[in-house]
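Structural features, examined
Listed here are the chains, written in short residue letters.
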Amino acid sequence: VAMRSTFQHMSFENLCAEDVEVFLSDLYSGVEDAQELRSRTKAFLGTMPNYEDDVIALVTHKGFLRELERGPLGRSDATEFGNCEVRVYDVVFPV
């Protein structure tokens, strides 16, 4: 796979397969309500301390990002995401 020179310093070796496994499993009905999606964002955020990386890029749909912000990240007043919008967060996990 060819990679843009912009991203040469980034590693994509540890792409998570959890969403694919959930998508293909019987647990996924094909439709999530906001509460189910927020639960998934909380579970995702719970995996973050397991990564050794200092910087992580998350590419997903705006519904996931909305529930991540308004739920686990505690930004209840967060605005809706625009197309291709980038937001940067500094998240510190307890040791």
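Calculation criteria
- Residues numbered from 1 in each chain as written.
- Predicted model: local features only at pLDDT ≥ 70, side-chain atom pairs only at ≥ 80, totals over all residues.
- Heavy atoms only, no water.
- Helix = DSSP H or I, 4+ residues; strand = E, 2+ residues; numbered from the N terminus.
- Buried < 20%, exposed > 50% of the residue type's maximum accessible area, 1.4 Å probe, protein only.
- Polar contact = N/O pair within 3.5 Å; in protein donor to acceptor, adjacent residues only side chain to side chain.
- Expected span 1.5 Å × (residues − 1).
- Arc of directions from axis to C-beta.
- Contact = heavy atoms within 4.5 Å.
- Salt bridge = Lys/Arg side-chain N within 4 Å of Asp/Glu carboxyl O.

A look at the environment of Thr 47
Mapping Thr 47 onto the fold places it in helix H2 (residues 34-47). Given a relative accessible area of 29%, Thr 47 falls into the partly exposed group. Reaching out from Thr 47, the side chain makes a polar contact with the backbone oxygen of Phe 44 at a distance of 2.6 Å.

Topic: H2
With 14 residues, H2 extends 20 Å between its outermost C-alpha atoms, agreeing within 8% with the 20 Å of an ideal straight helix rising 1.5 Å per residue. Taken residue by residue, H2 has Leu 37, Thr 41 and Leu 45 as its buried positions. Around the axis of H2, the buried residues are gathered within 80° of arc, so they sit on the same side. The exposed residues of H2 that point more than 90 degrees off its buried face are Gln 35 and Lys 42. Taken together, the buried residues of H2 touch helix H3 (62-70). At the N-terminal end of H2, a side-chain oxygen is found 3.1 Å from the backbone nitrogen of Gln 35, two or three residues along, and the residue is Asp 33.

Some words on the pattern of salt bridges
Summed over all chains, the structure comprises seven salt bridges. We note a salt bridge from Glu 32 to Arg 40, for which the minimum N-O separation is 3.0 Å. Accessibility expressed as a relative area gives 23% for Arg 40, which makes it partly exposed. Here Arg 66 makes a salt bridge to Glu 67, at a shortest N to O gap of 3.0 Å. Look at Arg 66 and you get partly exposed, because its relative accessible area is 22%. Each of Glu 69, Arg 75, Glu 85 and Arg 87 takes part in salt bridges that share partners, so that together they form one network.

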